[in-house]
Amino acid sequence: MRKDKCFYVGTIVNKFSFKGELLVKLDTDDPELFLEMESVFIEIGKNLVPFFIERSQLHKSLLLRVKFEDVDDEPTADSLMKRELYLPLTALPPLEGNKFYYHEVIGFTMIDTNYGNVGVITGVNDTTAQALFEVDHHGDQVLIPVNDAFIDKLDREARTITVTAPDGLIELYTN
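What counts and how
- Residues numbered from 1 in each chain as written.
- Predicted model: local features only at pLDDT ≥ 70, side-chain atom pairs only at ≥ 80, totals over all residues.
- Heavy atoms only, no water.
- 1 Å grid on protein atoms, 1.4 Å probe; cavity = no way out; pocket = protein on both sides within 12 Å on 5 of 7 lines; lining within 4 Å.
- Points joined across faces, edges and corners; volume = space filled by probe spheres on them.
- Helix = DSSP H or I, 4+ residues; strand = E, 2+ residues; numbered from the N terminus.
- Nonpolar A, V, L, I, M, F, W, Y, C, P; charged D, E, K, R; others polar.
- Pairing = 2+ DSSP bridges.
- Axes fitted to C-alpha atoms, helices over the stretch in contact; angles between N-to-C directions.
- Buried < 20%, exposed > 50% of the residue type's maximum accessible area, 1.4 Å probe, protein only.
- Phe/Tyr/Trp six-rings, centres within 6.5 Å; stacked < 30°, edge-to-face > 60°.
- Salt bridge = Lys/Arg side-chain N within 4 Å of Asp/Glu carboxyl O.

J.: Any chance you could break down the layout of surface pockets for me, citing the residues and the numbers?
T.: Counted as a void, the largest pocket has a volume near 1300 Å³. Taken together, 29 residues make up the lining of the largest pocket; nearest its centre are D27, L95, F100, Y101 and Y102. At 3 residues, strand β1 (residues 6-15) tops the list of elements feeding residues into the lining of the largest pocket. Looking at the lining of the largest pocket residue by residue, the class counts come to 19 nonpolar, 4 polar and 6 charged.

So this is what it looks like as structure tokens:
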């Protein structure tokens, strides 16, 4: 499995018991979605290695207590500490309306209700305090906040996002 065909689930942050159970800090607002996983990919080196789950349960909000098959002792559990977990993109539940996954909108055309065609979304930067659409506008990068208040319509068939950006924001990048 290639990493670009997967999404990040969380990171193993601690051991739970001396029998190989681990705690995973999930990267989600809805941890219950991950209770029924049968397997995950764990990044080891530059490879994604499949691990099968014997059992799992929620543990204190966004932590998932996991027991993997063949991880039965502390040394094996130690070898998985701080590793990242991934699932195939096909495991994501489909979203409707204006809700979307960041990877889903790359390549969409952004249209502003006042400015018109802004350009093509080349990425979403979520490393800042406010996630930002990265839009290619004739070779220049335009940054638009990913904010529900700005997003008017997401059209998956037409591959467009219609926004109403704050006055003057797009012009800061285009003039």
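J.: Could you give an account of the sheet that holds strand β4 (residues 47-59), naming the residues involved and the relevant values?
T.: The 6 strands lie next to each other as β1-β2-β5-β4-β3-β6, forming a closed barrel whose pairing is antiparallel. Taken over all neighbouring pairs, the strand axes of this sheet differ in orientation by 45° on average, direction set aside.

J.: Describe in detail the sheet that holds strand β7 (residues 109-112), supporting the description with residues and values.
T.: Strands sit in the order β10-β9-β8-β7-β12-β11 across an open sheet of 6 strands; the sheet is mixed. Looking at which strands have only one partner, the edges of the open sheet turn out to be β10 (140-145) and β11 (151-155). For this sheet, the mean angle separating the axes of adjacent strands, direction not counted, is 35°.

J.: Let's hear about unusual backbone geometry: which residues, and what values?
T.: Unlike most non-glycine residues, K82 shows phi in positive territory, near 65°. For K82, the location among the structural elements is in the loop between α1 (74-78) and β6 (84-88). Judged by its relative accessible area of 57%, K82 falls in the exposed class. Although it is not a glycine, R159 adopts a positive phi angle of roughly 60°. Considering the arrangement of structural elements, one finds R159 in the loop between β11 and β12 (160-163). For R159, a relative accessible area of 39% puts it in the partly exposed group.

J.: If you had to explain the packing of aromatic side chains to someone new, which residues and values would you point to?
T.: Tallied over the full model, the rule gives 4 aromatic pairs. With centroids separated by 5.9 Å and ring planes inclined at 65°, the aromatic side chains of Y8 and Y86 adopt a geometry described as edge-to-face. Here Y8 is found in strand β1, whereas its partner Y86 is found in strand β6, with 78 residues between them in sequence. Owing to a relative accessible area of 5%, Y86 belongs among the buried residues under this scheme. Through a chain of ring-to-ring contacts, the aromatic side chains of F100, Y102 and F133 assemble into a single cluster.

J.: Which residues make up the pattern of salt bridges, and what are the values?
T.: Opposite charge on two side chains permits pairing when their charged atoms draw close. In the structure shown here, the tally under the stated rule is 10 salt bridges. One salt bridge in this structure joins D78 and K15, with 2.8 Å as the shortest N-O distance. Placement of D78 in helix α1 and of K15 in strand β1 is noted, with a sequence separation of 63 residues between them. As a salt-bridge pair, R55 and E54 come within 3.7 Å of each other at their nearest N and O atoms. Counted as one network, the salt bridges with shared partners bring together E21, E54, R55, R65, K67 and D72.

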